[in-house]
Amino acid sequence: MGAPPGYRPSAWVHLLHQLPRADFQLRPVPSGFAPQEREYQQALLLVAALAGLGLGLSLVFIAVYLIRFCCCRPPEPPGAKSPPPGGGCVTWSCIAALLVGCAGIGIGFYGNSETSDGVSQLSSALLHANHTLSAIDHLVLETVERLGEAVRAELTTLEEVLAQRTELVAAARGARRQAEAVAQQLQELAFWQGVPLSPLQVAEDVSFVEEYRWLAYVLLLLLELLVCLFTLLGLAKQSKWLVIVMTVMSLLVLILSWGSMGLEAATAVGLSDFCSSPDTYILNLTQEETGLSSDILNYYFLCNQAVSNPFQQRLTLSQRALASIHSQLQGLEREAVPQFPSAQKPLLSLEETLNVTEGNFHQLVALLHCRGLHKDYGAALRGLCEDALEGLLFLLLFSLLSAGALATALCSLPRAWALFPPRNPSASCSGSHLSEPLLHAGLEPVPPPRSFPGCRRRPH
């Protein structure tokens, strides 16, 4: 089957298409795109489940690490004020992980934009194809109505005017039969009329889903950006409460990142299977949804020299009939007008109708050629299989970087905020702490009768 103009499966399509697939029983599944088959659905779900496995392993690793950190930490000697060795390294590793997460957010914004551009290109191609099909239906309807009006009005009037000349009436009736034949042939050209599948409705559904997908990813990216920024702010200000809150938020974003990774991986694998050989699936699906003949669908989806135009015979017969009507009207104008001057008006009206019909016919010939609709088909495939797939891969990279960065941060943050110096507790004790030390700088302090943890009584 011939590929659409300008579309060739990319290297990413070939690479993802070659990945092995298996169902829930780990039996191999062919990589051909078959979303209606249960085994293929299980294979895609298994790909998405790998992200769930990664989430589970990362949560187990984080939990084991934190339990070891909290329960197996050696006790600090009393009066130790210096931070344990490696504390600065822990803080800087956490900062580096958050910066990597911020870089992944930039990649995610680019991937989200690329995916949206690809889906927009798909919607635009569907809208243009719908415009072409609607134009064909409109031209056919307009031309058939115009010919029917000419048969009912002008040709009937002409036959009444020429009733005294039998041969002229026969010529007018011949033009009537030819006009009716042209109208019947043209009605068969509106092949999309009455088809339940509407490209406009498909484009609207795709745009509706894409709008919410784009918004969901923007919110996820902004949420992770806020978590990274506020975590860095908490580390810089050494604010324990802010770091603790951001630790909980990091856990939530980690779960969302792994979930999005599963959806992206399954979608990318399924899309690569579709894009490796889209013609067969699209032909079968369109024929099932529309009920059109395979000759028409092969002509528009393949558009090569091996497939003939299924409308060529009707177009040829219509062109010959129009030429015959034109010659008959010219003969009637030469012979009938000198004898029947009242025949001039219907003849002129018929000539005008014939000229408009010929103009519409040439437009129909251009619209019915496979070049236009096949170009829209190629544009839709390029948008879906190049831009959208590339965007999905960038989103997959974002999710991977985000999951790694947040897992590292979740392991580092508790150790980092444990190293923060305690706040000065003197604010909770009564009395001034600025002037009194200056007044009794040379005196020995009197031991207080009682003391509270964290507070020291000032000498009187």
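As named in an unreviewed UniProt entry, the protein chain is Protein tweety homolog, taken from Ursus maritimus. Here the protein chain is described in UniProt, under the heading Subcellular location (unreviewed entry), as follows: "Cell membrane". Quoted straight from UniProt, the Subunit (unreviewed entry) entry for the protein chain says "Homotetramer; disulfide-linked. Homodimer."

Draft legend 1. Layout of the pattern of salt bridges. Under the counting rule described, the total for this entry stands at eight salt bridges. Taking the shortest distance from any N to any O, the salt bridge between arginine 152 and glutamate 149 comes out at 3.1 Å. Pair noted here: arginine 152 and glutamate 149 are both in helix α3 (residues 87–161), with a separation of three residues, about one helical turn. Take arginine 152: its relative accessible area is 57%, and that puts it in the exposed class. You can call glutamate 149 partly exposed: its relative accessible area is 42%. As a salt-bridge pair, arginine 173 and glutamate 159 come within 4.0 Å of each other at their nearest N and O atoms. Remark: glutamate 159 occurs in helix α3 and arginine 173 occurs in helix α4 (residues 166–187); sequence separation between them is 14 residues. The exposure class assigned to glutamate 159 is buried, which follows from its relative accessible area of 14%. Three or more residues are tied together by salt bridges with common partners; here these are Glu159, Arg173 and Arg176.

Draft legend 2. Looking closely at the environment of lysine 240. Secondary-structure assignment places lysine 240 in helix α6 (residues 240–276). For lysine 240, a relative accessible area of 35% gives the class partly exposed. Taking the C-alpha atoms as reference points, lysine 240 and leucine 413, 173 residues apart in sequence, are found 9.9 Å from one another.

Draft legend 3. Summary view of the confidence of the model for the protein chain. Confidence along the protein chain averages 84 in pLDDT terms, with 86% of residues attaining 70 or more. Under a pLDDT of 50 for its full length, residues 425–460 has, in the predicted model, 14 contacts with residues more than four places off or in other chains.

Draft legend 4. The UniProt feature "transmembrane region" (unreviewed entry) in the protein chain, seen in detail. When the UniProt feature table is mapped onto this chain, "transmembrane region" (unreviewed entry) is found at residues 43–67, 88–110, 214–235, 242–261 and 392–413. Secondary structure content for residues 242–261 is 100% helix and 0% strand, while the C-alpha to C-alpha distance between its ends is 28 Å.

Draft legend 5. Quick look at unusual backbone geometry. Although it is not a glycine, leucine 26 adopts a positive phi angle of roughly 60°. Judged by relative accessible area, which is 64%, leucine 26 ranks as exposed. Even without glycine at this site, cysteine 303 takes up a positive phi of about 50°. Note on cysteine 303: relative accessible area 22%, which makes it partly exposed.

Draft legend 6. Seen up close, the state of the cysteines. Under the definition given, this model contains two disulfides. The disulfide bridge from cysteine 275 ends at cysteine 385, spanning 2.0 Å between sulfur atoms. Its torsion about the S-S bond being -85°, the disulfide of cysteine 275 and cysteine 385 is classed as left-handed. Here cysteine 385 lies in helix α11 (residues 370–418) and cysteine 275 lies in helix α6, a separation of 110 residues in the sequence. Per residue, the accessibility class of cysteine 275 equals that of cysteine 385, and both read buried. Note on cysteine connectivity: cysteine 303 is disulfide-linked to cysteine 370, with sulfurs 2.0 Å apart. Here the S-S torsion is close to 60°, and the disulfide linking cysteine 303 with cysteine 370 is therefore right-handed. Remark: cysteine 370 occurs in helix α11 and cysteine 303 occurs in the loop between α8 (294–302) and α9 (312–339); sequence separation between them is 67 residues. On the basis of relative accessibility, which here comes to 4%, the residue cysteine 370 falls in the buried class. If you count the bonded cysteines of the protein chain from the N-terminus, they pair up as 1-4, 2-3. Cysteine 228 provides the cysteine sulfur closest to cysteine 102, a residue in no disulfide bond, and the two sulfurs are 4.3 Å apart.

What counts as what
Residues numbered from 1 in each chain as written. Predicted model: local features only at pLDDT ≥ 70, side-chain atom pairs only at ≥ 80, totals over all residues. Heavy atoms only, no water. UniProt positions renumbered as here; feature names shortened; annotations may be inferred. Salt bridge = Lys/Arg side-chain N within 4 Å of Asp/Glu carboxyl O. Helix = DSSP H or I, 4+ residues; strand = E, 2+ residues; numbered from the N terminus. Buried < 20%, exposed > 50% of the residue type's maximum accessible area, 1.4 Å probe, protein only. pLDDT = per-residue confidence, 0-100. Contact = heavy atoms within 4.5 Å. Disulfide = S-S within 2.5 Å.

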